[in-house]
Each structure stands twice: as structure tokens, then as C-alpha cells.
Amino acid sequence: MKPFRIEIPQAEIDDLRRRLADTRWPPEPGADGWERGVPQGYLRELAEYWRSGYDWRAAEAELNRYPQFVTEIDGATVHFLHVRSPEPDATPLILTHGWPGSFLEYVDLIGALTDPRAHGGDPADAFHVVIPSLPGYGFSGPLTETGWGVPRIARAWAQLMSRLGYDRYLPQGTDFGSWVTVALAAMDAGHAIGAHVNFLITPPPGDPRELGALDEDTGRRLARLGRFLAEESGYMKLQATRPVTVSYALTDSPVGQLAWIVEKFKEWTDSGKSPEDAVDRDRLLTNVSLYWFTRSAGSSAQLYYETADMLPVSDAPRRQPPVPVQLGVAVFPHDPSQPVRAWADQAFPNIVRWTEYGRGGHFPGLEQPGLLVEDIRQFARALGRG
């Protein structure tokens, strides 16, 4: 394991600003809403702020306050944050992000998780925090071979925690990270004390006769999922089938990369007129910048190709393995995939904590970090810390 610092060359920053200034904009579409995609007026203003107002060096300095490392696992470079708690009996916790996120999703949780005493909490709730970047994402790359699907990532995370000397640990995940978390808990149940997720896909029973009468809440959740599949899943189909083709445009055009990601932060968050109603603008641009500077648009999209048979756009999504440890689920109302508790219990009979929140969306670590911290704490308390 080698210490790591983020040090983007100034030439890369200058190149980004030049490309933003030289953007070749399409003709105005004659519509200013989000129904057809990111409105050009909004994107022009955000791109100009990225070019002339946003301070990457400040973001870089903030991230470099946390101990970071890289190591090689199964032939891949894995970048991770490792922040140990001042409390000696803290529980090891591995947090896994998804797409189009990054390790940045969890940065605002680190202080409260590692040092609750300093944040008005109970020191018994302390965690040693490990936040890896998924293979092919950010500084975990570039990937030199294919085959990095959920099971392989889970095996790599088990090896990572072993290398760090953690015999017992709690995995937590969001988006793809939730699938990795479930797979990790299933294959490393001897070391995982439980599993916590804030994203869970619950497909209906295979036999339509088992559906029965749908209550109003279940109908609403299915309608939201149906809208996602009908109107918001084009990116998923493209990345699951032709990730290399789309990578050329996203790696060459910063405005293209910006639009590709910012659209999801509008559609999947508890936002109003713009994503910044839910997520801080500089945080949003730091996340996009991580994709841009590491040229990871294509390598991150490869995960969709590797997991195509698990995605909701596939004809018959492959179900996740049963989890032999206790599972905690935090549900945020503006996530496009709203799990149904009855169906979740059929697939995961070990659910011991299920919490429905009144605000927040797909990126709770960025939208509602306090709620996510407390949910993780409460779940760990219920486990008795293994």
C-alpha cells in the first residue's frame, strides 16, 4: 500500500478551461425545461462557473486532508481513503459508492463517523472508515482488463479489509455500491457483521398471481420505477451495451461529461429547479471533475456492461444472492428506485432495520449526510458491533 495525494497537473486544469471556453454548442432546442434533457441555458451558466468560478485546487486541498492510499488487488489499482477513529474500539466500516458518484459521496460523513465525540455524539458509535473508489472510477484505474463485475469487486474489497487488518467489519453501499455490499456480505459472512444499504432494487414476484392487490404506496413506487425505465434509463442501456463508443464523446468534451452527470443529479435528487437545490454546486463540480481529470467516463461505464444482466432494463434481471447476515435498509423518497418492503423481505429475509425518510434522494451522502450517518449508527447499534 502506497500513500497517495491528488495532484492534478496545472496543464490539465488549463486544458479544461480552454475546452470549456471553446465549447461548440448545439442550436437552441426551443425548450427550457428538463423534459428533453439538460436545458442549455442552465448548462451554459454552470459550464462558465466551472471554467471561471470553481476552484479545483481548493477541492483538491480539502480531499488531501484525508489519508489516501493506492494498492494493487487482482491486477487492478485500487484507490481508497482510510481514516482511523481516535476511539480504539471503533468498528471498521467500508463505504462503496456507485455511478455517477465517487468516493466524494462519503466525505461529508467522515468526521461524524470517525469521531462522534467531537461532533456531539456517543464515542461508542465510532468507526474506522474505508472508502474505496470502484475499479475504473477516479483514481482506481485505468483498468487493463475486463471482467470487473460486482462479485470480483466484492472479493477485492474483502482482500482490502484483510490487508488493513480488519477481521470484522461492516459494509455499506449506495447504487452499484449496494450490490457490492450485498455480494461482499454474502461471500465474506465470516467477517462481515452485517450489511447496510440505501439503495435496493426489489423486483416483483416472478409469478404475476403472487402480486395480489397492490396498495396505493406500492402502486406509487412502481409508477416511479416505470417512469425511470421509460424516460430516464437511456444512459443505462447505452453504457450497458456500448460503453466504449460513448466514452469518446465524454472524454473529449467536458460539457458533454458535465451534462451526462448533472442530469442524474437533477432527476434522482430531492431537488427543485436545479440539482443545486439538493447538492452543493462546488461538490457537484468536484464530482464531475474527478471523472474528467481521470478520463474515467468509459472505464466507469464498463461496470454497466459487466452487470447488464442485473440491471432493471434487462428482460429478466438476475437477483442478488441471499445475505446470510443482518441487513439494514435506508429508503430516501426521491430515489428513482423505491423498494417495496414485502418484496424485499422475500429476497432478503434477514432485514432487521428498514427506515423510510421524508427527504433526500439517490445521493444521501451529499444531500442528507446527517440522516445517513444516524441510520448507519442505529444499524450498528442493533448489531451489537459484532
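Since the model is a prediction, treat every value here as computed from it, not as a measurement.

A. Helix 9 (residues 243–252), seen in detail. Where helix 9 is concerned, the buried positions are P243, V246, S247 and L250. Taken down its axis, helix 9 places every buried residue within 110° of arc, on the same side. Opposite its buried face, helix 9 presents the exposed residues T245 and Y248, each directed more than 90 degrees away. Where helix 9 is buried, its residues touch helix 8 (234–241), helix 10 (254–267), helix 11 (281–293) and helix 12 (297–306).

B. The side chain of E105, seen in detail. Positionally, E105 belongs in the loop between strand 4 (91–96) and helix 4 (110–114). This buried residue, E105, is left without a salt bridge; R283 holds the nearest opposite charge, at 11 Å. Setting aside anything within four residues of it in sequence, one finds E105 in contact with H97, G98, T174, F363, G365 and L366.

C. Representation of the UniProt feature "domain: Epoxide hydrolase N-terminal" (unreviewed entry) in the protein chain. With numbering aligned to this structure, UniProt lists the feature "domain: Epoxide hydrolase N-terminal" (unreviewed entry) at residues 1–106. Within the segment residues 1–106, helix and strand shares are 31% and 22% respectively, and the terminal C-alpha atoms sit 21 Å apart.

D. Focus on the pairing of strand 4. Counting buried positions along strand 4 gives 6 out of 6 residues, so the element sits mostly inside the fold. Across the two faces of strand 4 the burial is the same, with T91, L93 and L95 and P92, I94 and T96 all buried. In the sheet, strand 4 pairs with strand 5 (residues 127–132) via 4 bridges, with the strands oriented parallel. Across the sheet, I94 pairs through a bridge with V130, a residue of strand 5. Of the pairings in the sheet, the one linking strand 4 to strand 6 (residues 170–173) comprises 4 bridges and is parallel in character.

E. Expanded view of the packing of helix 5 (residues 150–163) against helix 6 (residues 176–187). Across the interface, helix 5 lies against helix 6 with an axial gap of 8 Å and an inter-helix angle of 65°. As helix 5 runs across helix 6, the sense of the crossing is right-handed. Along the contact surface, helix 5 presents V150, P151, I153, A154, R155, W157 and A158, while helix 6 presents W179, V180, A183, L184 and M187. For the contact of helix 5 with helix 6, the class distribution of residues is 11 nonpolar, no polar and 1 charged.

F. Molecular detail of unusual backbone geometry. Here W99 and P100 are connected by a cis peptide whose omega angle stands at 0°. Looking at the element boundaries, P100 is found in the loop between strand 4 and helix 4. Following G141, the chain continues to P142 via a peptide bond in cis, the omega torsion being 0°. Considering the arrangement of structural elements, one finds P142 in the loop between strand 5 and helix 5. With phi around 55°, D175 is a residue other than glycine that occupies positive phi space. Locating D175 in the fold gives a position in the loop between strand 6 and helix 6. Even without a glycine there, the phi angle at R295 is positive, about 50°.

Cut-offs and rules
- Residues numbered from 1 in each chain as written.
- Predicted model: local features only at pLDDT ≥ 70, side-chain atom pairs only at ≥ 80, totals over all residues.
- Heavy atoms only, no water.
- Buried < 20%, exposed > 50% of the residue type's maximum accessible area, 1.4 Å probe, protein only.
- Helix = DSSP H or I, 4+ residues; strand = E, 2+ residues; numbered from the N terminus.
- Arc of directions from axis to C-beta.
- Contact = heavy atoms within 4.5 Å.
- Lys, Arg positive; Asp, Glu negative; His and termini not counted.
- Salt bridge = Lys/Arg side-chain N within 4 Å of Asp/Glu carboxyl O.
- UniProt positions renumbered as here; feature names shortened; annotations may be inferred.
- Pairing = 2+ DSSP bridges.
- Axes fitted to C-alpha atoms, helices over the stretch in contact; angles between N-to-C directions.
- Left-handed = near helix turned anticlockwise from the far one by under 90°.
- Nonpolar A, V, L, I, M, F, W, Y, C, P; charged D, E, K, R; others polar.

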